[in-house]
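Structural overview for review
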Amino acid sequence: FYWDLAMLLLMVGNLIILPVGITFFKDENTPPWIVFNVVSDTFFLIDLVLNFRTGIVVEDNTEIILDPHTIKMKYLKSWFLVDFVSSIPVDYVFLIVDLETRVDSEVYKTARALRIVRFAKILSLLRLLRLSRLIRYIHQWEEIFHMTYDLASAVVRIVNLIGMMLLLCHWDGCLQFLVPMLQDFPEDCWVSINHMQ
């Protein structure tokens, strides 16, 4: 329960902070940013491993499956691929690129770093697939706390809907700025027109 609660808070933080960082922070090689992402990726990789050993609650809440082989097969067939892709540690790529580009010549270094940083920014968006974990945790907690009452279930669903709408609006706002930025702010884009580069 405590691990799931910590992962839920870390997930919500990632789903809010990552789009802002990817979109608006020009220098992503700052130590606090790298530490945040490396710590997050490490926790998500640990969670990925723990999911192979976490019991599965059957839909009717009457039994919990604890057989390791059954848990492993069910996880591999369901959410493993999404969890694995969302846990790829992209910031290690940033660290390697940063170390490599210090050796190269200036012109080559700049051209290559810009291409790799743009690609890494797009790869960083894969972390937003962690939204699937958030949805799964909320669904698990509804089952655990037996939210069968009509009023409690309706309130939880309304709060989930409002939260998802706010999160998607946040992502959309960040994406509206990210697309022109990846194109080096063309003259006719809304960011250049409003002098908001």
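Each residue is numbered by its place in its chain's sequence as written, counting from 1. Selection of residues for local features in this predicted model requires a pLDDT of at least 70, selection of side-chain atom pairs for listing and counting requires 80 or more, and totals for whole chains, interfaces and linings are taken over all residues. To obtain the side-chain values, all non-hydrogen atoms of the structure were included, while hydrogens and water were left out.

A word on the packing of helix α1 (residues 2-24) against helix α2 (residues 31-50). The angle between the axes and the distance between the axes are what describe a pair of packed helices. Helix axes use the C-alpha atoms of the stretch in contact, all axes being lines fitted to C-alpha atoms, and the angles between their N-to-C directions lie in the range 0 to 180 degrees. Per the convention used, a helix needs a DSSP run of H or I reaching at least four residues, while a strand needs a run of E reaching at least two, with both numbered from the N terminus. The N-to-C vectors of α1 and α2 enclose an angle of 140 degrees; their axes lie 11 Å apart at closest approach. Taken together, the axis directions place α1 and α2 in an arrangement best described as oblique. Of the two possible hands of crossing, α1 and α2 adopt the one that is left-handed. Here Trp3, Met7, Leu10, Met11, Asn14, Ile17, Leu18, Gly21 and Ile22 of α1 come into contact with α2, specifically with Trp33, Phe36, Asn37, Ser40, Phe43, Phe44, Ile46, Asp47 and Leu50. In the scheme used here, Gly and all other residues not listed as nonpolar or charged are polar, with Ala, Val, Leu, Ile, Met, Phe, Trp, Tyr, Cys and Pro taken as nonpolar and Asp, Glu, Lys and Arg as charged. Among the residues making up the contact of α1 with α2, the classes are represented as 13 nonpolar, 4 polar and 1 charged. Convention used here: angles under 35 degrees read as roughly parallel, angles over 145 as roughly antiparallel, angles from 65 to 115 as roughly perpendicular, and any remaining angle as oblique. Crossing handedness is defined as follows: a turn of the near helix away from the far one that is anticlockwise and smaller than a right angle gives a left-handed crossing, while the clockwise case is right-handed. Note on contacts: a residue pair is in contact if any heavy atoms of the two residues lie within 4.5 Å.

One less than the number of residues in a helix, times 1.5 Å, gives the span that helix is expected to have. Its 23 residues give α1 an end-to-end C-alpha distance of 33 Å, which sits within 8% of 33 Å, the value for a rise of 1.5 Å per residue. Two axes define the bend at a residue: one fitted to the seven residues ending there, one fitted to the seven starting there, and the bend is the angle between them. Taking the largest bend as the criterion, α1 deviates by roughly 30 degrees, centred on Ile17, and proline Pro19 comes between one and four positions later. Using a 1.4 Å probe on the protein chains alone, a residue whose accessible area is under 20% of its type maximum counts as buried, one over 50% counts as exposed, and one in between counts as partly exposed. Considered for burial, the residues of α1 that qualify are Met7, Leu8, Met11, Asn14, Leu15, Leu18, Pro19, Gly21, Ile22 and Thr23.

The quantity called pLDDT is the predictor's confidence in a given residue, expressed from 0 to 100. Averaged over all residues, the pLDDT of the protein is 78; the fraction at 70 or higher stands at 74%. At the low end of the mean pLDDT range in the protein sits helix α6 (residues 106-124), at 57; at the high end sits helix α9 (residues 190-193), at 92.

Turning our eyes to something else, we now look at the packing of aromatic side chains. For any pair of aromatic rings, the description rests on two quantities: the centre-to-centre distance and the angle between the ring planes. Any two rings among Phe, Tyr and Trp, with Trp reduced to its six-membered ring, count as a pair given centres within 6.5 Å; such a pair is stacked if its planes are under 30 degrees apart, edge-to-face if over 60, and tilted if neither. Tallied over the entire structure, the rule returns 9 aromatic pairs. Within the aromatic cluster, the residues linked to one another by ring pairs are Phe24, Phe177, Phe185 and Trp190.

Below, the discussion takes up unusual backbone geometry. In the Ramachandran plot, Phe185 falls in the positive-phi region, its phi being about 50 degrees despite a non-glycine side chain. As for its position among the elements, Phe185 is in the loop between α8 (150-182) and α9. According to the relative accessible area criterion, Phe185 is buried, its value standing at 14%.

Structurally, Trp79 is set in the loop between α3 (68-77) and α4 (80-86). Sequence separation between Trp79 and Arg133 is 54 residues, and the spatial gap between their C-alpha atoms is 8.7 Å. Ignoring anything within four residues of it in the chain, the contact list for Trp79 reads Ser132 and Arg136.

Each patch is assembled from residues with relative accessible area greater than 30% and no salt bridge, linking like charges that lie within 9 Å and nonpolar side chains (Val, Leu, Ile, Met, Phe, Trp, Tyr) that lie within 5 Å. For every accessible area listed, the method is Shrake-Rupley and the probe measures 1.4 Å; residues are considered covered only by the protein chains on display. For this analysis, a salt bridge means a side-chain nitrogen from Lys or Arg found within 4 Å of a carboxyl oxygen belonging to Asp or Glu. Nonpolar side chains collect at one region of the surface, where Phe84, Ile88, Leu126 and Leu129 lie side by side and expose about 300 Å² of accessible area between them. By the element assignment, Leu126 lies in the loop between α6 and α7 (131-144). The partly exposed category is assigned to Leu126, whose relative accessible area is 30%.

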